[in-house]
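# Analysis of the macromolecular model
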Number of protein chains: 2
Amino acid sequence: MTSGDNQPAAVQTDLPLDTVIEDDCIAAMNRLPAGSVDLIFADPPYNLQLKDALHRPDNSKVDGVTDAWDRFDGFAPYDSFTRDWLAAARRLLKDTGTIWVIGSYHNIFRVGREIQDQGFWILNDIIWRKTNPMPNFRGTRFTNAHETLIWAAKSADKSGYTFNYQALKALNDDVQMRSDWHLPICTGAERLRDGERKAHATQKPEALLYRVLVAATNPGDVVLDPFFGTGTTGAMARLLGRRFVGIEREPRYVGIARERIAKVEPLGADERAVTKSKRKEPRVPFGVLVERGMIKPGQTLVDGKQRHAARVRADGTLISGDVIGSIHKVGAEVQGAPTCNGWSFWCFEAKGDLVPIDMLRQKVRAEMAGAVG
Amino acid sequence: MTSGDNQPAAVQTDLPLDTVIEDDCIAAMNRLPAGSVDLIFADPPYNLQLKDALHRPDNSKVDGVTDAWDRFDGFAPYDSFTRDWLAAARRLLKDTGTIWVIGSYHNIFRVGREIQDQGFWILNDIIWRKTNPMPNFRGTRFTNAHETLIWAAKSADKSGYTFNYQALKALNDDVQMRSDWHLPICTGAERLRDGERKAHATQKPEALLYRVLVAATNPGDVVLDPFFGTGTTGAMARLLGRRFVGIEREPRYVGIARERIAKVEPLGADERAVTKSKRKEPRVPFGVLVERGMIKPGQTLVDGKQRHAARVRADGTLISGDVIGSIHKVGAEVQGAPTCNGWSFWCFEAKGDLVPIDMLRQKVRAEMAGAVG
DNA sequence: GGAAGGATTGAATCCTTGA
DNA sequence: GTCAAGGATTCAATCCTTC
């Protein structure tokens, strides 16, 4: 050996920029120089603890996350693993650096507590609201429609972290960006395939990493991802003119990531300008008016000509004679019509006038206008 | 003393229903009978004060916040408090009961991990997206626009918790309710005032509790709130015909809550009715349809796409080729599927149309509902 | 060629009751 | 405790087939 004879794990003096290290993430991080990284993005195993197979109502089988890398023998080994990789990551951060960790309710509370215990200072928790999540097929819970990201500085007194407030505001139609982000999951052409199967069970969408990197790094900054997978972080870093270091244990993923990133054409400095996205008018369920007390359970609604009446139930359905159902369904049935727009059909009394319930919906939408749909 | 002389904290045999107990929540919970509560809603202190004044358990002030180890000391009393009140709460829950806890990133990770460590089984984490959050005035972070609720069963193997799936679906325009809820914060007339100032710093909106109670309780269920505050949980419980027990230490809040709840006019039984899940409806064996002559022995049933056919036998079983069995079993076998709901799969011909046999079951159920007893 | 309809799929802790 | 049987249950987006 020509160097580091007395050091079992020699610390390198330079970062291997824009490369993927094929190794265990803790061992690899411990070889990198302390205080050298501007941002860490980590997508650790979630420890899902799935039991039996799950089928959709059409009897097709759900392809769950059964990979060995997501299996732990309980909370204690998972916590120990979390403690170790977070400590290694913290050592690598510059004092002005920040860390992002993504997870679900299976693991995020354990990760979040450990982040606080190690002295990180949480800046935000961010909710990735999925536009197209997998439904709850058995009707036993709420649709698990989001994941949580934690954004934290190295410590409470370390100021000077990067937050590109104006860029994020511009990304959000000139309204301050909120802690809830509405983005699709990774599908279609973006989803990497390995023959017929998906290449990775949990590939993250590029739009998510795009927003993280625009928000919390500047061009030329170094981004480390210790659970690199198929390299979404590296691809977006290259696109946006940031440097990256990826660490990934599985050789198959490493190969896919390298190939993927090589194809990315970096944006020019002037092309990094943000693009605006259109917003649809948000859907407002009738039940929301009931929950908010704008319409009371038991209240009577009538049509504009007062030929039909219906009473409101606690869950936002209407009842008229034998007919129970949505404002649209009951409106159609009482008229003997195939369809009905309940919003314009049903009215309530306000100061002696009959007012369509759609007026209340408009009120709710006006309140929501500040929020990102 | 006239009772419980030898018991420092006598356990009461009955719950003091629809009352507010003025006491420390742990002491009060320890006096209530085990396994007596259907749902717990808890809005514990968020531990927001950490950054400005950090104190050790002995109340000495930590000098500066540069030392991560000291910060851990700051978390310790909060964790200990969390452990104690959660344990007391868990003792009170029925095996079929569930708990809801609301918090922000300051405390929710610590609470969530403790919930898991005590053996609760998380069913969902719910994001309350605020329509009108306070902006981040200094432009240093994302607008903190949400809070997190954790919904958990008493343990992983305890089934039978209440989830009114169909009611929630109805509240949401007939698509299943997601884990992200979009609701306004508590303002306007709903916000209780004590003279000029708001009566409580963190009063929760009634719409939030309305949804929690409709989702996870039935009329008559007992709801416990150990951090009762100004009694939003009690007010919504009374409105919806649930029983409540509130615990609150501050006499000022207790008085406001009692006064507030007394003004609530409960909904009538028919007004608070919600769409029931089919699981809760009375079981009607297929054979009953045959006995009643609604389906004839020898009659042919087909699936909606007319790919499969089966003949009805006198005992209410079906036969298709070699396969004999229940409507479900034969439906599954002919499709080569693991399971099948025969009620929606099999159809009969009526006036040229194919109608699912479930329509006949609904007819029978309607007749049963009309007959008393 | 294009529209319409069917098939596929996604980080999932996904049933209840009675013998 | 186990095991068998009844029967309840899906949304959005993309891709493919058919007309």
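Cut-offs and rules
Residues numbered from 1 in each chain as written. Chains lettered and ligands numbered in written order. Predicted model: local features only at pLDDT ≥ 70, side-chain atom pairs only at ≥ 80, totals over all residues. Heavy atoms only, no water. Near = heavy atom within 4 Å. Polar contact = N/O pair within 3.5 Å; in protein donor to acceptor, adjacent residues only side chain to side chain. Helix = DSSP H or I, 4+ residues; strand = E, 2+ residues; numbered from the N terminus. Nonpolar A, V, L, I, M, F, W, Y, C, P; charged D, E, K, R; others polar. Domains from an automatic or database assignment. Axes fitted to C-alpha atoms, helices over the stretch in contact; angles between N-to-C directions. Parallel < 35°, antiparallel > 145°, perpendicular 65-115°, else oblique. Left-handed = near helix turned anticlockwise from the far one by under 90°. Contact = heavy atoms within 4.5 Å. pLDDT = per-residue confidence, 0-100. UniProt positions renumbered as here; feature names shortened; annotations may be inferred. Buried < 20%, exposed > 50% of the residue type's maximum accessible area, 1.4 Å probe, protein only. Salt bridge = Lys/Arg side-chain N within 4 Å of Asp/Glu carboxyl O. Phe/Tyr/Trp six-rings, centres within 6.5 Å; stacked < 30°, edge-to-face > 60°. Lys NZ or Arg CZ within 6 Å of the ring centre and 35° of its normal. Pairing = 2+ DSSP bridges.

### Thoughts on the protein's contact with DNA strand D
Residue and element names in this part refer to chain B. Taken together, the neighbourhood of DNA strand D is formed by 26 residues, with Tyr 165, Lys 169, Gln 176, His 328 and Arg 361 sitting nearest. Among the atoms of DNA strand D close to the protein, meaning within 4 Å, 64% are from sugar or phosphate groups. Within the contact set of DNA strand D, a phosphate oxygen lies 2.7 Å away from a side-chain nitrogen or oxygen of Lys 169. Contact distances for DNA strand D include 2.8 Å between a phosphate oxygen and a side-chain N or O atom of His 328. Looking at the surface near DNA strand D, the element that brings in the most residues is helix H4 (residues 165-171), giving 3 residues. Considering only residue class, the surface near DNA strand D consists of 9 nonpolar, 11 polar and 6 charged.

### A look at the domain arrangement of chain A
Under the domain assignment used here, chain A contains domain 1 (19-278) and domain 2 (281-371). A separation of 42 Å is found between the C-alpha centroids of domain 1 of chain A and domain 2 of chain A.

### Regarding the protein's contact with DNA strand C
Residues and elements named next belong to chain A. In the vicinity of DNA strand C there are 40 residues, among which Gln 49, Arg 56, Tyr 105, Arg 138 and Arg 191 approach most closely. Between a base nitrogen of DNA strand C and a main-chain N or O atom of Tyr 46, the distance comes to 3.0 Å. In this structure, Arg 191 approaches DNA strand C through a side-chain N or O atom, which is 2.6 Å from a phosphate oxygen.

### Some remarks on the packing of helix H5 (residues 206-216) of chain A against helix H6 (residues 232-239) of chain A
Residues and elements named next belong to chain A. The geometry of H5 relative to H6 is characterised by a closest axis approach of 9 Å and an angle of 55 degrees between their N-to-C directions. On the basis of the axis angle, H5 is oblique to H6. By crossing handedness, the relation of H5 to H6 is classed as right-handed. For the pair H5 and H6, the contacting residues are Glu 206, Leu 209, Tyr 210 and Leu 213 in the first and Thr 232, Thr 233, Ala 235, Met 236, Ala 237 and Leu 239 in the second. The residue makeup of the contact of H5 with H6, split by class, is 7 nonpolar, 2 polar and 1 charged.

### Some thoughts on the confidence of the model for chain A
In this model, chain A carries a mean pLDDT of 90, and residues with pLDDT of at least 70 account for 93%. Overall, residues 1-7 of chain A carries pLDDT values under 50, and its contacts beyond four positions in sequence, including any with other chains, amount to 0 contacts.

### Some points on the UniProt feature "domain: DNA methylase N-4/N-6" (unreviewed entry) in chain A
Those residues carrying the UniProt feature "domain: DNA methylase N-4/N-6" (unreviewed entry) are residues 37-258 of chain A in this numbering. In this annotation, residues 37-258 of chain A is assigned 28% helix and 24% strand; the end-to-end C-alpha distance for the span is 21 Å.

### Let's talk about the environment of Arg243(A)
All names here are of chain A. Following the sequence through the fold, Arg 243 ends up in strand E10 (residues 243-248). What makes Arg 243 partly exposed here is its relative accessible area of 33%. Contact partners of Arg 243, with chain neighbours within four places excluded, come to Leu 17, Asp 18, Gly 220, Asp 221, Val 222, Val 223 and Ala 237. Among the polar contacts listed, one links the side chain of Arg 243 to the side chain of Asp 18, at a separation of 2.7 Å.

### Here's the deal with the pattern of salt bridges
Across all of its chains, the model carries 37 salt bridges over all chains by this definition. With a closest N to O distance of 2.8 Å, Arg178(B) and Asp180(B) form a salt bridge. For the pair formed by Arg178(B) and Asp180(B), the shared burial category is buried. When the shortest N-O distance is used, the salt bridge between Asp358(B) and Arg361(B) registers 2.7 Å. With a gap of 3 residues between them, Asp358(B) and Arg361(B) both fall in helix H11 (residues 358-370), about one helical turn apart. Residue classification places Asp358(B) among the buried residues on the basis of a relative accessible area of 8%. Three or more residues are tied together by salt bridges with common partners; here these are Asp79(A), Arg110(A), Arg113(B) and Asp117(B).

### Regarding the packing of aromatic side chains
Per the stated rule, a full pass over the model turns up 33 aromatic pairs over all chains. Judged by centre distance (5.1 Å) and plane angle (85 degrees), the ring pair of Trp85(A) and Phe227(A) falls under edge-to-face. On the criterion of sequence distance, the pair formed by Trp85(A) in helix H2 (residues 75-92) and Phe227(A) in the loop between strand E9 (222-225) and H6 is long-range, its members being 142 residues apart. Looking at Phe227(A), the relative accessible area reads 15%, which means it is buried. A connected cluster of aromatic rings, assembled from ring pairs, spans Trp100(A), Trp151(A), Tyr161(A), Phe163(A), Tyr165(A), Trp181(A) and Phe142(B). Note that Arg90(A) overlies the ring of Phe120(A), its terminal NZ or CZ placed 5.4 Å from the centroid. Here the guanidinium or amino end of Lys130(A) rests over the ring plane of Trp128(A), the centre of that ring lying 5.1 Å away.

### A closer look at the pairing of strand E4 (residues 121-130) of chain A
Residues and elements named next belong to chain A. Across the 10 residues that make up E4, a large majority, 10, are buried. Here E4 runs beside strand E6 (residues 180-183); their pairing, made up of 4 bridges, is parallel. In the sheet register, Ile 127 faces E6, and the bridge partner there is Asp 180.

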